[in-house]
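# Overview (structure and organization)
Chain by chain, the residues run as shown.
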Amino acid sequence: MLQKFNNKTPQSIPVPPDIPPKTVPGPVLFDQALWRRRSLKDFLARYLVGAGGIAVIGSIVLIFLFLFAVVLPLFKGAKLHQLSNYAIDNRHETLLYAIEEQAEVAMRLGSNGVARFFYLDTGELLGSHDLLTGTEARVSTWAHVNPEQDVLGLGLDSGRVLLFSHKYQLIFNNERRTILPAITHPYGDNAINLEIGNQPILSLAAGENEDGLTFFVYTQGGSQLINFEKSSSFLDADEITLQLTSKVQLPYVDKPIKALLSPEREWLYILNADGVIALYDVRNKDQPLHIEDVSVLPHGHLPTAFEFLVGGISLLLADDHGNVYQLFLVADGGERRLTAIRSFQSGGAEISSLTSESLRKGFLATDVRGNLSIFHTTASRHLLTQRISNHPIAHLGIAPRSDKFLIEDITGQVRVWGLDSEHPEVSWSSLWGKVWYESYAAPDYVWQSSSASSDFEPKFSLTPLTFGTFKAAFYAMLLAMPLAIAGAIFTAYFMAPKMRGLVKPSIEIMEALPTVILGFLAGLWLAPFVESHLVGIFASLLALPTGIFLASLLWWHLPQRIKAQIADGWQAALLIPVVMLCGWIALGLSTWMENVFFDGSVRLWLTDSMGIGYDQRNSIIIGIAMGFAVIPTIFSITEDAIFSVPKHLSSGSLALGATPWQTLVHVVLPSASPGIFSATMIGLGRAVGETMIVLMATGNTPVMDFSIFEGMRTLSANVAVELPESEVDSTHFRILFLAALVLFVFTFFFNTIAEIVRQRLREKYSAL
C-alpha cells in the first residue's frame, strides 16, 4: 500500500488567478543615522536612570549622615583643659568660691569675713569687701540662704547671722565689656539677732521665700529652729524688715555635721557624724515634726560631704570610700519618705567636697588624691574621673554655665580649668529606660522637655514617643488593612469593569486630599462627634455586619427573575443604602442607649465604674482619620497587584473545576501576595511617618496607655511641635534630631524587611 502511495502520480494544485505571484524582497539598506540616534537614546536612558537611582541612594545616605552628625555630640564625654594656675594668700581659710555667669570674675570668701573679687584666669585682685567691718564678731560657719539670688549667710560667734549677696554689673564702654562686682545686704548692713545669746553658731542652715526666713542653728545650747516673717515698707517696697515669729527647740541630741533646709522652708535635713540623716517636717513653723532617721551608708563608711542638688529637692551624701548617694523625698501611702535613689562611685578615695552645677542636675566631686569626678544624676552618667592636682583638693567653685571651674588644694595653689561637657543629661538609660525623677513615686518613662521652673529636671525619654508612634500606626492599620485589602480584592476580581472604572479612581483621588485637612476635620469635628455618639459608634460595629448579613440572606432568597435584573458584578452597589441605613439607625439610637444603659453619660460611666479615662482626641479618632488617609495607598497597590495576575491562571483554575473563591484563595492571592505585602508595608510606613493628622487629632500627650480612649504623642508630631522652639545645638535640639533619626531607622528597617519578604514571595510564586 505504501508502494502504491509512492507510485501515485501527484496532481498539481491550481493557483487562483487573483493571487499575485510571490516576490522575493530586496536587500534592506542600513540606516546609520537612525542607529546612532537609537544608540544615543539607549545610552542616555541607561545612565540617566542609573544616575537617578544613585542620586536617590546618595540622598538617603546624606540625610542619614546629617542626622547622625547632629546627634553624635550627645554621647560625647566630658573633657578638661587647664587654663591657668596661681597662688593665693591662704593665711585665712577659704569658705567658698563663687564665679559670675561670664566666667571672668570670681569671689573668694575667707574665714575672716573678707570677700575678695579677682579675675578668674589670672588671679589679679579686682577688689575686696570686709563684711565684718564695725564688729568684733568672727565667722564660725556659713550657709546658702537663697542660691538663685546668690544670698549667703555667715554664722557669727556672737549668735547672729549676717546675710549678704554678691552681684555683678555689666558695663559696656566703647564696645568693651567691664564687670563690676558688688556686695549688697538685702536685710540691712547689720547682722540679724537670733535672740539666742552670745553663743557661737556651730552649724547653720537657712531657707528663704517671699513670706519669710527660717534658720536652723546649732550651738552649745542645742538645736533651734528660728523663723522670721517679712514685711515691706509702705513707702519703699524694697525696704524689707524681719520680725521674729517663733523659736523652737529641736529634740536632737547628736552633734550635727551639717544641716540643710529646703528652699521653700518645708523640710530640714540634719546629718550626724555616723551618716544618719534626721528628717524634719517644718511646714508648721511652730511645731516641727520629726519624721524619721535615714541611714544609707554601708557599715564602716563615714560621711564627708552633704549638699543640695540644684533646686533643693535632691540631697547628695558622700562618704570616705568614694561613694556619692542621691536621695529625695518619695510619696509613700500619703507620707513622704527620704529614699536613696541612685549611687555613684568616683574611684575609692575619700571625697573631700561636692559642688552642684547651677543649671543642670550634675555635680562635681573631688577627693583627697587630687582627682575630680563629674556625674549627672538623672542620666546616671559618670562622665569623667581625672587627676588634676598632686595634692588633696580643699575647695572647688564652678561657673553657672559649667564651662569653667577652679580648685584650691591644701597648699593654697589655685588652678583654673575649662570644662567641655555640653550634653551630660543624655544616656541610654535616660532615653530608653525607666528613670526615677525628682518627686516621682517610682521610676517611669516621661517626656517633658521644658518647664517654667529653674529647678526643672529635663525628662527626655523617647520610649513614650516611640510607643505613641506605633500605637497610632496600629489603630490606623487596624481600620485600613481589612477595608482596603478586602475592597481591592472585590474590586479587582468580582466587580464589573464599568463599576470598577468608577470605584478605583474615586478611592485613589482620596489620596490627594491634604492630611492637614483630615487632621483639622478630625480634631474639630470628628472628635466631638464621636464623644457625643460613642455608644452609637460601637453599636454600628454590630449593626453593620448584621445588616449586611441580613441583606445578603434576603438577596439569596429572592426569585431568580428579580436577581437577573441586576447585572453581574453590580450587586455590591445594593449594599450602599444598607450600610447608610444601619449607620443612621445606630447613631440615631445612641442617645437613647446612653440614657438607658449608662446613666446618661458613657464618659462618666467609663471613668467612675470602669476606671478608664477618656480623652476626646484619642485612638479612635486616629484610627478613623489616619485609616482614611492610608486606605487609598493600600487599596490602589493591592488592586493593581490582583488585577495584574495573568488571566490564564484563573481561567485554567476555573476550567479544572475550581470555584471562583477557590481560584481566588489558591491561585490569585498567592500570585498577588508580593504586591499585597508591599501595599501593607507602604501603608504602615505612611502611618508611622504621618505628622499633621496625629499633630491635630491626638491631644499630643506623651502617655504610655494602650487604651483606645487615650491619646498619644508620636515621634514625628513631637519634632514638628518642639523643634521650632528649641535652642539650636542644645540638648533638646539634638534629641529632637535623634527622634528623627530613630524614625528614619525604623522606616528603613521595615522597608528593608518588606523588600526581603516581597522578593521571597515573588520567587516562591513565580512558577505559577
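Residue indices follow the written sequence of each chain, beginning from 1 at its first position. Under the rules for a predicted model, residues below a pLDDT of 70 receive no local features and side-chain atom pairs below 80 are neither given nor counted, while totals for whole chains, interfaces and linings still include all residues. As a rule here, side-chain values cover all heavy atoms of the structure and leave hydrogens and water aside.

### Some details on the overall build of the protein chain
Our working definition: Secondary structure elements are taken from DSSP: a helix is a run of H or I of four residues or more, a strand is a run of E of two residues or more, and numbering for both begins at the N terminus. C-alpha atoms define the radius of gyration, and 2.2 Å times the number of residues to the power 0.38 defines the globule rule. Between buried and exposed lies partly exposed: a residue is buried under 20% and exposed over 50% of the maximum accessible area for its type, with that area taken using a 1.4 Å probe on protein chains only. Residues count as neighbours in contact if any of their non-hydrogen atoms are within 4.5 Å of one another. Areas reported here follow the Shrake-Rupley algorithm with a probe of radius 1.4 Å; residue values treat only the protein chains shown as occluding. Within this scheme the basic residues Lys and Arg register as positive and the acidic residues Asp and Glu register as negative, but His and the chain ends are omitted. Positions of charges follow a simple convention, taking NZ of Lys, CZ of Arg, CG of Asp or CD of Glu.
Tallying secondary structure elements over the protein chain gives 17 helices and 31 strands in all. Here the protein chain has a C-alpha radius of gyration of 40 Å; the compact-globule value for 768 residues is 27 Å, and the former is much larger. Overall, the protein chain is about 150 × 80 × 55 Å in size when its C-alpha atoms are taken along their principal axes. Expressed as a percentage of the 768 residues in the protein chain, the buried residues total 44%. Long-range contacts, defined as pairs at least 24 residues apart, comprise 56% of the intrachain contacts of the protein chain with a sequence gap of at least 6. A total of about 40400 Å² of accessible surface is found on the protein chain, and carbon and sulfur atoms cover 60% of it. Computed over 54 positive and 70 negative side-chain charges, the separation of the two mean positions in the protein chain equals 17 Å.

### Examining empty space enclosed by the protein
Rule in force here: The distinction between a cavity and a pocket rests on a 1 Å grid over the protein atoms alone: a 1.4 Å probe fits inside a cavity but cannot get out, while a pocket stays open yet meets protein on both sides within 12 Å along at least five of seven lines, and a residue with an atom within 4 Å of a point counts as lining. Grid points are joined across faces, edges and corners, and a volume is the space filled by probe spheres set on the points. The classification used treats Ala, Val, Leu, Ile, Met, Phe, Trp, Tyr, Cys and Pro as nonpolar, Asp, Glu, Lys and Arg as charged, and all other residues, Gly among them, as polar.
Under the counting rule described, the total for this entry stands at one cavity of 30 Å³ or more. A volume near 40 Å³ is recorded for the largest cavity. Taken together, M681, L684, G685, V688, F746, T747, F750 and N751 make up the full set of residues lining the largest cavity. Mapped onto the lining of the largest cavity, the elements with two or more residues apiece are α14 (660-689) and α17 (731-765). Residues belonging to the lining of the largest cavity are distributed by class as follows: five nonpolar, three polar and no charged.

### Re unusual backbone geometry
With the exception of glycine, the majority of residues adopt a negative phi angle, and the majority of peptide bonds are in the trans configuration. Located in the positive-phi region is A103, a residue other than glycine, with phi close to 60°. Looking at where A103 falls in the secondary structure, it is placed in the loop between β2 (94-99) and β3 (105-110). Residue class for A103 comes out buried when judged on its relative accessible area of 1%. The backbone phi angle of D599 is positive, close to 55°, even though this residue is not glycine. Within the fold, D599 resides in the loop between α10 (590-597) and α11 (602-608).

### A few points about the sheet that holds strand β14 (residues 240-250)
For clarity, the cut-off: DSSP-based pairing: two strands are paired if at least 2 bridges between them are found. The axes used here are C-alpha line fits, helices contributing only the stretch in contact, and every angle between their N-to-C directions lies in the interval 0 to 180 degrees.
Read across the open sheet, the four strands follow the order β11-β12-β13-β14; overall the sheet is antiparallel. Sheet topology places β11 (203-208) and β14 at the edges, where each strand pairs with a single neighbour. Ignoring which end each strand starts from, the neighbouring axes of this sheet average 15° apart. One ladder, built from ten bridges, connects strand β13 (residues 222-232) with β14; its direction is antiparallel. Opposite S223, over in β14, you have L250 as the bridge partner.

### Describing the pattern of salt bridges
Spelled out, the test is: Any carboxyl oxygen of Asp or Glu within 4 Å of a side-chain nitrogen of Lys or Arg constitutes a salt bridge here.
Counted according to the given criterion, the structure contains 20 salt bridges. Put simply, E307 and K258 hold a salt bridge, and the shortest N to O gap is 2.5 Å. Here the residue E307 occupies a position in strand β19 (residues 303-308), and K258 occupies one in strand β15 (residues 256-261), the gap between them amounting to 49 residues. Note on K258: relative accessible area 26%, which makes it partly exposed.

### Things to note about the confidence of the model for the protein chain
Residues shown with low pLDDT carry predicted positions that ought not to be read at fine detail. Put simply, the rule is: For every residue, the pLDDT score states the predictor's confidence, bounded by 0 at the bottom and 100 at the top.
Mean pLDDT over the protein chain stands at 87; residues scoring 70 or higher make up 94%. Under a pLDDT of 50 for its full length, residues 1-12 has, in the predicted model, zero contacts with residues more than four places off or in other chains.

### Description of the pairing of β3
Taken across its six residues, β3 has six buried, putting it largely inside the fold. In this sheet, β3 lies alongside β2 in antiparallel orientation, the contact comprising five bridges. The residue of β3 that forms the bridge with L96 is L109. Pairing analysis gives five bridges linking β3 to strand β4 (residues 114-119), with the strands arranged antiparallel. Looking at the pairing, L109 lines up with A115 of β4. The turn joining β3 and β4, which pair antiparallel and follow one another in sequence, is formed by three residues; a positive phi near 80° is taken by G113.

### Focus: the environment of H391
Along the chain, H391 falls in the loop between β26 (381-387) and β27 (393-398). Once residues lying within four places of it in the same chain are set aside, the contact partners of H391 are V368, G370, D409, I410 and T411.

### Regarding the sheet that holds β26
Within a sheet, adjacent strands bond to each other through the backbone by hydrogen bonds, running parallel or antiparallel. On the basis of which strands lie adjacent, the open sheet formed by four strands has the order β23-β24-β25-β26 and antiparallel pairing. Strand pairing shows two members of the sheet lacking a second neighbour, β23 (351-356) and β26, which therefore form its edges. Going from strand to strand, the sheet's axes swing by 15° on average, the running direction of each strand aside. By the bridge criterion, five bridges tie strand β24 (residues 362-367) to strand β25 (residues 371-376) in an arrangement that is antiparallel. Considered in β25, the bridge of L364 is made with I374.

### A look at a negative patch on the surface
Defined as follows: Patch members must show over 30% relative accessible area and no salt bridge, and they are joined within 9 Å when carrying like charges or within 5 Å when they are nonpolar side chains of Val, Leu, Ile, Met, Phe, Trp or Tyr.
The grouping of E148, E210, D211, E229, E264 and E266 at the surface amounts to a negative patch. Mapped onto the secondary structure, E266 falls in the loop between β15 and β16 (267-272).

### With respect to helix α4 (residues 463-493)
Let me state the cut-off plainly: How far a helix is expected to stretch is found by multiplying one less than its residue total by 1.5 Å. Take the seven residues that end at a residue and the seven that start at it, fit an axis to each, and the angle between those axes is the bend at that residue.
With 31 residues, α4 should cover 45 Å at 1.5 Å per step; its first-to-last C-alpha distance of 43 Å lies within 8% of that length. Of all bends in α4, the biggest is about 30°, found at A480, and the proline P482 comes one to four residues later.

### Here's the deal with the packing of helix α5 (residues 497-509) against helix α12 (residues 619-643)
Where α5 meets α12, the closest approach of the two axes is 9 Å, and the angle between their N-to-C directions is 145°. Taking contact as the criterion, the partners of R500, K504, I507 and E508 in α5 are, on α12, P632, F635, S636, E639, D640 and F643. Tallied by class, residues from the contact of α5 with α12 come to four nonpolar, one polar and five charged.

### Let's talk about the packing of aromatic side chains
Let me state the cut-off plainly: Within 6.5 Å between ring centres, the rings of Phe, Tyr and Trp (the latter by its six-membered ring) count as paired, and their orientation is classed by plane angle as stacked under 30 degrees, edge-to-face over 60, tilted in between.
Under the counting rule described, the total for this entry stands at 32 aromatic pairs. Pairing F215 with F228 gives two aromatic rings, centres 5.9 Å apart and planes at 85°, and the pair type is edge-to-face. A residue pair is termed long-range when its members are at least 10 positions apart, and F215 in strand β12 (residues 212-219) and F228 in strand β13 qualify at 13 residues. Note on F215: relative accessible area 0%, which makes it buried. Ring geometry for F470 and F746: centres 5.3 Å apart, planes at 50°, overall tilted. One end of the pair, F470, is in helix α4; the other, F746, is in helix α17, and 276 residues separate them in sequence. Following the ring pairs from residue to residue traces out a cluster consisting of F467, F474, Y475 and F706.

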